[in-house]
Every structure is written in structure tokens, then in C-alpha cells.
Amino acid sequence: MSRAISQLCFWLFVTDRPKLAENYTEDTWLKLQDAVGAIQNSTSIKYNLEELYQAVENLCSYKVSPTLYKQLRQVCEEHVQFTESLDNLSFLKRMNRCWQDHCRQTIMIRSIFLFLDRTYVLQNSLLPSIWDTGLELFRTHIVSDSAVQKRTVDGILEQIELERNGETVDRSLLRSLLGMLSDLQVYKDSFEERFLIETNRLYAAEGQRLMQERDVPEYLHHVARRLEEENDRIMNYLDQSTQKPLISCVEKQLLGEHMTAVLQKGLSTLLDENRVTELGLLYQLFSKVKGGLPTLLQFWRDYIKSFGGEIVCTPEKDKDMVQDLLDFKDKMDNVAQSCFARNEGFINAMKEAFETFINKRPNKPAELIAKYVDSKLRAGNKEATEEELERILDKIMIIFRFIHGKDVFEAFYKKDLAKRLLVGKSASVDAEKSMLSKLKHECGAAFTSKLEGMFKDMELSKDIMIQFKQVLTYMQNQREPTNIELTVNILTMGYWPSYTPMEVHLPPEMVKLQEVFKLFYLGKHSGRKLQWQPTLGHAVLKAEFKEGKKELQVSLFQTLVLLMFNEGEEFSVEEIRTATGIEEGELRRTLQSLACGKARVLNKNPRGKDVEDGDRFNFNNDFKHKLFRIKINQIQMKETVEEQVSTTERVFQDRQYQIDAAVVRIMKMRKTLSHNLLVSELYNQLKFPVKPGDLKKRIESLIDRDYMERDKETPNQYHYVA
């Protein structure tokens, strides 16, 4: 290219010399000749470019610009040439050197002929600038040569493939050559199309192979690494216009074609093992692919339903069901928050999945959640501080929201709450009221009205007992004092669970004290009726053993049995039953607790764990214990099937009343309604799951009781009977 500059400059001085000669001094000619010689010999020029620029300006002023532009193009065209090399890399280097030289020399020519470029060329819109002329000549005579172009692109693709296979390549060389193709406006047609085809082929084969060879976490990290590498290539040497199609190609071949396979093969494992990093990467990658997130969402929903369904529908896991559900919910919440970017769709899908699987098994989850709450609110629960207990209750409420049959929960919760309140087993009144507040907020005031009534009864009972003890103290001052202290809880029947009345034979002192309380209470509240519940009673007895005096904290049934030994040394099971009037099953458990438990205040003959008909019992005078006050736990029947069935039946009965009330309410308002519309209205109003068959039975029952009637002409239509 330096030869081209020499020729141009030489031509500059010889063109039209007769006309210009008179305007130049001999000194000027000598300077120009020296400059031409310097260019020809590639030595330093004595004169700066400004003088050469001035010479061009002088020529243009003599109106020879067209000739000057034409001659300049011819000289450049004659000079553009390229010799090939055998080796691909050497070929690329030679091509790059040729391109760099061409650019550098074109810049020098443009700087010398800048006046021509800014006047004549600028005024003629059809003529390309000197720089564009240089690019056009290089494109026409070198790059457009099919053999040269093919070899150039082949060499570039070969270098990129080597780099993708882990080898080190000259990125500056690739950047320069691809910049050349871009400047020459052949990048897209000559390089990008072939590059994307090769990329597509490479990653299609790689995706198929690696899906077979690697596990999902490895595969995901590989895909992320590949995407990072391709983005790095775009930053370093590929044209920015290639970014979108290139990344799209990699994502399609490594992810889009294998979405279902990846999720089937690895999602369950990632979730089971709580692989938070890989799950986050999975979400990040799938969010880039068309249809990726909806597919992941469906698999995520199915996994939750499957895993949760196994927890709920496996009776062997009932003991740990609620804790497992809480742990599972915490785990899924963490995945949604940490890995799935708090995506609203995933959070809603999780809620929907929980609601679906937790109601696959009607009633049982509600029952077990109530029992779990009971275990946390009992006084014996030392597992958590108040703050931790509050957090646990909040988590339980989240699970509780998914349950359809909330009335089942209420029935079991009320039964357990009654035990906690009556036996003084509640861990904290604040915690109890906090739970009540949460239930009220979730289900409304009607849901908790009876539960709140239970607390009111306990508070009113305290006030009543203060007044009663004042009266009792006055009476005892007038008569013989009694050595029994009586505490009574007045329970409103509608608030508390129903208890089966059980008649037992109380000692005369207790009966007398009961009558005193009855007279006192009914004297203050006329029109009320008292029904004593001995099954809920408990007492503190003072006992003397060889070791010394002790206090025994026992149930009323245990009290009646122990008091017998003030009157005799030894009794049989039958004698105790006759004397106390305690029901047989209850009596056996009572005797078992006194003679076969940890604190054996009675001796059983013969020894054994179970109480048989022929067994005899005597007072254990040798009883020893490190504590002064000893609580002798009543051996509770494991919540029997009958008790569970009884509670469930009460719920079912309540539901029937609610269905009846809803039917009458709807018919009273509508007067006439078809069966289908009535059923639809009932589904909207009832807050518990109900089958169409159950609704039909209740409708038939109301027709039989003349609350409504069928239309004589259209049996599927009902009329309200006022």
C-alpha cells in the first residue's frame, strides 16, 4: 500500500504540470520530490502531511477534482492484491495483516486527500467517500473471491470450534477478522448463517449425548457454563447482532429440546435433596426458554401433590403427619422464595397443590391438626419459648387454611381445649387467646363464639367460687367445719363438648357439700339446672405412709377408690365396683393407674399389668417417692375409635342441621327453585365439603317434614311451604 501512496503522490506532481508549474517555486518542487522519495523508500518523510494536504487543495482549486478522484481510485485498485497461504491459521493471519495494512494506508490516503473528500466527493452524493472506496475495493477484489471468502470463514469457524473444545485461540485475530467482515458488510451472509448452522448442529448433538451421560445437576451447570462462554464470545469478538440468535440457538438445543426429560429425570431428586443452588439455576435457565416456566410450574405442582398426598394418605404416618406437613411447607416456601424468585404463579400453584392433596383424605388432617395444636398448648410442652410457640401457631394456621372441613377441626379442638381448661393443663392463657384470635380472624366470629364462651365460663366460675367460699366460711363458723375444699366450674352446656352423664357413689361429705353449692347457686340464678360431671373431677388427697405424709393429685375416680382404704385393708375388683359405682372399663383403668403405674399407692394381688376380675387390692404402706405432692396420672384410653367416631358423628349431625337451615333459608327467600339451582346455591353457602347425595337426602327430609314440596307437574322443582 506504501507503493500506492508513492504512485499517487508522484501522479499528483506530474498531472497537468505545465499549467501548475508557474505557481510553484523550485523549492516547493524539491520538497514534494523528497516526500515522494521518502514514501517510496518507506523512510521518514521530511515534510509533514499538512504540506501534502495543501498541494491537494491547490489542485482542487484548479478544477481538476474529477480527474484527481478517478486517478486515485485507479491507483488504489491496481494495488489491491492478496496472496494465499497453505495453513489455515497462517492464512487467517496473512488476511488479517493485509486488512490491517489496507486500513492503515487508506487512512493515510484519506488524510492527504481530505480536501478532495470534503469538497468534491461530498458534493456528489453518488460517489463513495475515500474510506468507503477503500472498503469497496477490498471487498470486491479480495473478500468477494469465493475461494478466499470460504477459506476465511472456514478458518474462523475452525478456531471457534477449537475454543469450544477447550483449546486456547487468538481472540484478537478473530475479533479483527470478524470486524473486517462486519465493516465490509458481508458478516451476516458470509459468516453468521454458517456459524449458526454449525452451532445448532454442535449443541444438538451435545445435548443428546450429555442427557444420557450426566445427571441433571451436572447437566444444568454445563448448560449455564455454555451460555456464559457464548456470551463471552459475543463480548470479545462476535458482532452484537449475533447475540440473540446465538443464545436462542444454545438455549433451544440444550434446554428447549430436553425440558420434559430434565424435569422427569431430576426435579424430584433436586426437591427431595433440597438442592437450592441447582433449583435456582433450573428456574433461571427455564425462564429463558419459551414454555420453560409453565412446564416447570406443572411439574412443581405435580410433585407437591404427589409428595404431600403420600404424607396425608398413609395412615402409618398419621403420628407425624402435621409435623411432616409443616416441614414440607417450610421447605417448599424456601424453594419458592430462594429459587423461584418469589414468582407469584409458583406460590399460587403451591397453595393450590396443598389444598388439593390435604383434602384427599376427609376429616383426618383436620383432626390431627387439632391434636397437634393441643400438644403445643399443653402445660407439659417445654419445647418452645413464647415467641417460638407463636411462630408454630402461625405456621399451623397456614396449613389450617387449606382444609375444607374446618368444622371437624373445631370439634376436636373444642374437646381438647375443654380438657386443658378443666384440668388446668394449658401452657399459657396468652397462647390460648392468641390461637383463638387467629381462628377468629381466619373463620369469623361465629366459628369461635363457643370457644370464647368456654373461656368466659372459666372466668365466671372463678368469681362464683369467691362468693361461694365466703358463704361457706360463714356457714362453717355457724356449724361444724368440713375438711373438704370444693371448687366448681360452671359450664354452659351449649359451649362445651357433650359428656356422657355417669352416676357414681360419692362419700356423704362430698354429697352434702354438693347440695350446699346447689342451694347457693340456684338461689342466685333461678330457672337453671345443674348436672354434675364426675368424669371431669379431680382432687388432692392427704395420705400417710411409713415414709411420712404425702399429697396425691388424682382424678375423682381415683379419689373414690383410695377413700375406700380408710374403711378396710383389702378389696376385690367387684367390691370396689359396688362401693364406688364406677363403670367397669373406667374402673379397670383407674385401678391400673393406682397399682400398676410408676406411683403404686396400691398393691395388686396377683401382680401383673392388667386388672382381672379376681384381683384384690390393698394399700401400699411402704410407698416411697422423692416428691411431697405426687401426680398420679389416670391411664387414658388411647383415643378410641368410638371416641373419634363419636366426635365425627357430632360433626356430621351439625352439618345436617346446617344443610337443613341453608335449604330453608334459600327456599324462604326464593319461594320456587329448581333442584340444580338449589344445589348450586347450597354449594355457595356451605363452608364444608358435601356430596350431592347428602344434599338430596336432606331435601327429601325437609319435604317429608312439610318445609317444602315438589311441583306437581315438574318434579324437579320445589316450592317453599310457608
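None of the values given here were measured: they were computed from a predicted structure. (Residues numbered from 1 in each chain as written. Predicted model: local features only at pLDDT ≥ 70, side-chain atom pairs only at ≥ 80, totals over all residues. Heavy atoms only, no water.)

### With respect to the pattern of salt bridges
In the structure shown here, the tally under the stated rule is 46 salt bridges. Across the salt bridge formed by E310 and K317, the nearest N and O atoms sit 3.5 Å from each other. On the accessibility criterion, E310 (46% relative accessible area) is partly exposed. A salt bridge links R698 to D660, with the shortest nitrogen-to-oxygen separation between them at 2.8 Å. Of the two residues, R698 sits in helix α30 (residues 692-704) while D660 sits in helix α28 (residues 641-670), which places them 38 residues apart along the sequence. By relative accessible area, which is 15% here, R698 ends up buried. A relative accessible area of 9% places D660 in the buried class. One network of salt bridges, in which partners are shared, links E163, R164, R171, E230, D232 and R233. (Salt bridge = Lys/Arg side-chain N within 4 Å of Asp/Glu carboxyl O. Buried < 20%, exposed > 50% of the residue type's maximum accessible area, 1.4 Å probe, protein only. Helix = DSSP H or I, 4+ residues; strand = E, 2+ residues; numbered from the N terminus.)

### Overview of the sheet that holds strand β5 (residues 616-619)
On the basis of which strands lie adjacent, the open sheet formed by three strands has the order β3-β5-β4 and antiparallel pairing. Edge positions in the open sheet fall to β3 (570-572) and β4 (602-605), since each of these has one partner strand only. The mean angle between the axes of side-by-side strands here comes to 25 degrees, regardless of whether they run parallel or antiparallel. Where β4 meets β5, four bridges bridge the pair, whose relative direction is antiparallel. Directly across from N603, in β5, lies its bridge partner N618. Across the sheet, helix α27 (residues 584-595) is in contact with β4 and β5; its angle to β4 comes to roughly 110 degrees. (Pairing = 2+ DSSP bridges. Axes fitted to C-alpha atoms, helices over the stretch in contact; angles between N-to-C directions. Contact = heavy atoms within 4.5 Å.)

### Some remarks on α30
With 13 residues, α30 should reach 18 Å at 1.5 Å per residue; the first-to-last C-alpha distance of 19 Å fits that figure. Within the span of α30, buried status applies to L695, R698, I699, S701, L702 and I703. Positive phi appears at D706, one or two residues downstream of α30, with a value of about 65 degrees. (Expected span 1.5 Å × (residues − 1).)

Limitation: the analysis is restricted to geometry and does not speak to function.
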